[in-house]
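Spelled out, the chains give:
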Amino acid sequence: MLIHRMHLDDNYVVLDINSGAVHLVDKEIYDLLGFYDGTNKEETIEKFSSTYPHKAIMEDLAALEDLQKQGLLFSPEFPVPDTFKFEPILKSLCLHIAHDCNLRCGYCFAGTGDFGGHRALMSNEIAEKAVEFAIAGSKQRHNLELDLFGGEPLVNVPVVKHVINYVRKREKETGKNIKLTLTTNGTLLSDDIVKFLNDNRVMLVLSLDGSKATHDHMRPFAGGKGSYDAAVKGFKKVIDSRQGKNYYLRGTYTHYNTHFADDTVSMLDVGKEISMEPVVGTDEPYVLTEEDWPTLDKEYEKLARIYLEKRRAGEPFDFFHFNVALDNGPCVAKRLAGCGAGHEYFAITPEGDIYPCHQFVGREKYKMGNLATGIVKKDMVQYFRQMHVMKKPACRECWARFFCSGGCHANAELANGDIAKPYEYGCRIQKKRLEMAIIVQALLTEDVNEGKDDLRPAIDNFKFQVK
């Protein structure tokens, strides 16, 4: 597969998969590209002779041939870069500050905080060792990311403050640039904590599932009371205090709220930086079903229309999954390997155990070592490192492979018991929202570049770059 066609209403877009060029086209060219493959010109002319005027077909094919010569259409595969032959460099680390939580979310992959084990809090000593593990593993790399995670990390505020202070101290001593992120349900965001997080430049991921009814249904306190009011109070406090920057409202939709576009829009009453993710599970009642798919398919289209409408009306909001860069983007290695779980990204438990990522925590066969011993399962590191998108049979034939990077390893393992076999339902959702993202960005580019021909790269010079 060398190209992929997609459309929303009367907007038609074609992606050249290997070069990354995006073309906003008319219906005629869109139809031609459903048959024309760069080699069958005469057959294409014959097939469409009774549908479109001969002159128009010839002009269209000439334009397509020109794009092909430029390497912007039907471009060939590029080789896998040598990056994967080298020793991995740690780029990001997730510190499980607390295996405990004051909420009892119905879909929590972390077992409401205990990750299938026992409730525990990380100590200052383990937190410091985790930071040193990250600094050492990052080698000469200047940028490093540390995520403070739970459960709910703010049930362990003393260690949150300690590790942030320690990171800022070591940042100065090492000359590194360390980005900190904290994920919270918002119910424990006191004025003191908000000021501390702001003063220390901590990015926040704020868990909010949409409307009050939707949120309270799946995210109650331990006693059963809904957490929406307490969460929103904390979220508004912190968002206002940082002038609406450096945060994301992250929601989860389930079988119970498949009309998630409305929940996404309701989140705009709280903040403008939004992400909405599908729930993942096996046979739980909240898991998305085949019967849900037609609704989800239409909901992403609905959300794309709302996104464009509000942007054009001067009321923009940011939807994380529509942020596809058409004029630039991650290097080839990043596009092939995704998040880097298991070789560039790890998670550390309160006891100091090392796992490939936060979602693998509690799956004992994926325990890779401990901060006291370092990583002992070197073969597992290499297994994750080599399991990039071009090594997965299902991914090699997929048009979205350079955008999704093969999907989430943890979800694949949960669904199929094998990180090499992608989670099919998740793939379907990912491809739909990618289509909407690419169309949205192409149309926004057209808004900026009015007056160009109907057939053109949405961004003329976009190609995958090896960095």
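Here, the structure is the one placed above.
Conventions used here
Residues numbered from 1 in each chain as written. Predicted model: local features only at pLDDT ≥ 70, side-chain atom pairs only at ≥ 80, totals over all residues. Heavy atoms only, no water. Helix = DSSP H or I, 4+ residues; strand = E, 2+ residues; numbered from the N terminus. Buried < 20%, exposed > 50% of the residue type's maximum accessible area, 1.4 Å probe, protein only. Contact = heavy atoms within 4.5 Å. Areas by Shrake-Rupley, 256 points an atom, 1.4 Å probe, with all protein chains shown as cover. Lys, Arg positive; Asp, Glu negative; His and termini not counted. Charge placed at Lys NZ, Arg CZ, Asp CG, Glu CD. Patch = residues over 30% accessible without salt bridge, like charges linked within 9 Å, V, L, I, M, F, W, Y side chains within 5 Å. Salt bridge = Lys/Arg side-chain N within 4 Å of Asp/Glu carboxyl O. Pairing = 2+ DSSP bridges. Axes fitted to C-alpha atoms, helices over the stretch in contact; angles between N-to-C directions.

Caption draft 1: Local environment of the overall build of the protein chain. The helix and strand inventory of the protein chain stands at 16 helices and 17 strands. Dimensions of the protein chain along its principal axes, counting C-alpha atoms only, are 75 × 50 × 45 Å. In the protein chain, which comprises 467 residues, the share counted as buried stands at 57%. For the protein chain, the share of sequence-separated contacts (at least 6 apart) that also reach a separation of at least 24 residues comes to 70%. When the accessible surface of the protein chain is summed, it comes to about 20,300 Å², and 51% of that surface belongs to carbon and sulfur atoms. Counting 59 positive and 67 negative side-chain charges, the protein chain places the averaged centre of each group 6 Å from the other.

Caption draft 2: Just a negative patch on the surface, in detail. A surface patch of like charges, here negative, comprises Asp37, Glu42, Glu43 and Glu46. When you line up the elements, Asp37 lands in the loop between helix 1 (27–32) and helix 2 (41–47). Take Asp37: its relative accessible area is 39%, and that puts it in the partly exposed class.

Caption draft 3: Main features of the pairing of strand 3 (residues 22–25). In strand 3, alternate side chains face the same way, and those of Val22 and Leu24 on one face and His23 and Val25 on the other are all buried. Pairing geometry for strand 2 (residues 11–16) and strand 3, over four bridges, is antiparallel. Bridge pairing in strand 3 places Leu15 opposite Val22. Taken together, strand 2 and the strand that follows it, strand 3, pair antiparallel across an intervening segment of five residues, in which Gly20 is found at a positive phi of about 85°.

Caption draft 4: Inspection of the sheet that holds strand 16 (residues 374–375) at higher detail. The 11 strands lie next to each other as 12-11-10-9-8-7-4-13-14-15-16, forming an open sheet whose pairing is mixed. Of all strands in the sheet, those bounded by a partner on one side alone are strand 12 (318–319) and strand 16. In terms of strand pairing, strand 8 (residues 177–184) meets strand 9 (residues 202–207) through five bridges, oriented parallel. Among the inter-strand pairings, Leu182 is bridged to a residue of strand 9, identified as Leu204. The strands that helix 5 (residues 157–174) touches are strand 4 (92–96), strand 7 (143–149), strand 8 and strand 9; relative to strand 8, the one it contacts most, it runs at about 165°.

Caption draft 5: Summary view of the environment of Leu444. Tracing the backbone shows Leu444 in helix 16 (residues 424–448). When sequence neighbours within four positions are dropped, the list of residues in contact with Leu444 reads Tyr307, Leu308 and Arg311.

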